[in-house]
Amino acid sequence: MHRPHDPGTIDPAVLGALLARHGWQRRGRSPGRYARWTPPGPGGSGTSLLVPESRAYPDCDDLLGEALLALSRSGSPAARDVLVGLAVPSDEVRWSRDVPTGPAGAVTWPVAERLHAAARRMLLAGALAARARAGYHGARHRRPATAALEDILVASDPGGQRLTAFVPVASGRPLAVRLHQALYATREAVDYRRATGGMDAFDGAVAAGVSHELTEAVVALVRGTEGARVGVEWAPGAGVPEGCAAHAGPVEFSPGDLTVLREAGARYLRAEPSVPVRITGTVVRMRRSSTGGAGAVRLRVIAGAEIPHVRMTLDEEAYRVAGHAHLVGLPIRVHGRLESRGGFRRLTGATGVAPVQVHEADRDHLEKSLQENLDFFDGTYGQERDGTYGEGACGAEEAYGTGDTYRSD
């Protein structure tokens, strides 16, 4: 059951702004005292609300309490959305699509799922852009960007053609601002391409947050529709962010934009350069086809790059160093370049492979992880009960040179 709001914490001006945003109609008022609001829809039938103009009205808390109770008892999505906006001060991202409908204006399950999937991809693109500006993010910043979506609330209309995301101001305003700016930059770049034939505007749009991920999200939103719109409404109590319009209106895209959007996405994918990095990580997989020579290694990244894992090919000596480090429960540090191909998951030109000393607590954690994964290679390394390794077991040639695959992930 919905927890009732405390009327004493509600700003009447914020409640009025939320009612207007969600389609409630103002039907008249006693100047400077209160206004009457009726539900959206033909004729505005249903229980009306009396909302004071300010907290200076003598019976402010009583009127607010009655209005909140009426909203909580209403089955209208417009009432629910107002209550959400009051409970969690939020910027609202709204999507709508023009799609074929069935009986009573409802859409099929796959159509509704595609709207939710496209909306999530767009929010993730905004979260990635809030972390860093890049034409192609790949696996970089994926974990913190995904975590930024955890507090977002979502509400869909009964027909399945519209969706609203409530992005909390406290934690998500940078995401909402970046997405707002990136969508307008995308629209301007598409218009420029269609008017002049040039793609230069997409290069400059990266600074506003446009990326391969965003163009792909817009394609997913528009595909299979006659058109789609995305708009951002700012939380009434938090004000309009600097550099953003108060009432800019939604950004519209049509099927005619798809060719340009796909071209831009492919352009971003090709153009994003590799990145020089120095990565620290723990070995989770090693493999080479024969005793001696180069081998493939996979690291779980601890520091140096905003990605969870990275793969690389090491020469014989570096491969041996990585094996030694793992056997004694140490991470390694390596220099190289993160390649954009494959989503920044591969390191090329790996050099300077060396074990890294860690704090005692971190070392205990790594050694515990090693013990837990001994089932994968029981008996291969000759580990003694006291945690040391028997003669011959510490050599990477013996431990990792058999052509077998080792993995602990």
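Attention here is on the structure that accompanies the text. (Residues numbered from 1 in each chain as written. Predicted model: local features only at pLDDT ≥ 70, side-chain atom pairs only at ≥ 80, totals over all residues. Heavy atoms only, no water.)

Taken as a whole and assessed by the stated rule, the structure comprises 17 salt bridges. Residues Arg193 and Glu263 are paired through a salt bridge, measuring 3.2 Å at the closest nitrogen-oxygen approach. Residue Arg193 is found in helix 6 (residues 169-196), and its partner Glu263 is found in helix 9 (residues 258-271); the two are separated by 70 residues along the sequence. (Salt bridge = Lys/Arg side-chain N within 4 Å of Asp/Glu carboxyl O. Helix = DSSP H or I, 4+ residues; strand = E, 2+ residues; numbered from the N terminus.)

This next bit is on the nonpolar core. Core analysis: the biggest nonpolar cluster contains 51 residues, and Val93, Trp95, Met122, Leu123 and Leu183 have the highest contact counts within it. With sequence-adjacent residues up to four places away left out, Met122 is seen in contact with Trp95, Leu179, Leu183, Leu214, Ala217, Val218, Leu221 and Val230. Ranked by size, the runner-up nonpolar core spans 26 residues in total, among them Tyr136, Val283, Ala318 and Leu347. (Core = buried A, V, L, I, M, F, W, Y, C linked by side-chain atoms within 4.5 Å. Buried < 20%, exposed > 50% of the residue type's maximum accessible area, 1.4 Å probe, protein only. Contact = heavy atoms within 4.5 Å.)

Now for the layout of surface pockets. Of the voids in this model, the largest pocket is the one considered here, and its volume is about 560 Å³. If you go around the largest pocket, you meet 28 residues; those closest to its centre are Arg21, His22, Arg94, Arg162 and Thr164. Of all the secondary-structure elements, those providing two or more residues to the lining of the largest pocket are helix 3 (77-87), strand 4 (90-97), strand 5 (153-156), strand 6 (162-168) and strand 7 (228-233). Of all the elements, strand 7 adds the most residues to the lining of the largest pocket, at 5 residues. (1 Å grid on protein atoms, 1.4 Å probe; cavity = no way out; pocket = protein on both sides within 12 Å on 5 of 7 lines; lining within 4 Å. Points joined across faces, edges and corners; volume = space filled by probe spheres on them.)

Now for the packing of helix 4 (residues 109-131) against helix 8 (residues 212-222). Two elements in contact, helix 4 and helix 8, have axes separated by 8 Å at closest approach and are oriented at 165°. When the axis of helix 4 is compared with that of helix 8, the two are roughly antiparallel. In terms of crossing hand, the pair formed by helix 4 and helix 8 is left-handed. Judged by residue contacts, Leu115, Ala118, Arg121, Met122, Ala125 and Leu128 of helix 4 engage Glu213, Leu214, Glu216, Ala217, Val218, Ala220 and Leu221 from helix 8. When the residues that make up the contact of helix 4 with helix 8 are grouped by side-chain class, the tally is 10 nonpolar, no polar and 3 charged. (Axes fitted to C-alpha atoms, helices over the stretch in contact; angles between N-to-C directions. Parallel < 35°, antiparallel > 145°, perpendicular 65-115°, else oblique. Left-handed = near helix turned anticlockwise from the far one by under 90°. Nonpolar A, V, L, I, M, F, W, Y, C, P; charged D, E, K, R; others polar.)

The subject of this paragraph is the packing of aromatic side chains. All chains considered together, the criterion is met by 2 aromatic pairs. Where Tyr136 meets Phe344, the ring centres are 5.8 Å apart and the plane angle is 40°; that geometry is what we call tilted. Here the residue Tyr136 occupies a position in the loop between helix 4 and helix 5 (142-147), and Phe344 occupies one in the loop between strand 12 (332-339) and strand 13 (346-355), the gap between them amounting to 208 residues. Both residues of the pair, Tyr136 and Phe344, belong to the buried class. Between Phe202 and Tyr268, the aromatic rings sit 6.3 Å apart at their centres with planes inclined by 80°, giving edge-to-face as the arrangement. Residue Phe202 is located in helix 7 (residues 200-205), and its partner Tyr268 is located in helix 9; the two are separated by 66 residues in the primary sequence. (Phe/Tyr/Trp six-rings, centres within 6.5 Å; stacked < 30°, edge-to-face > 60°.)

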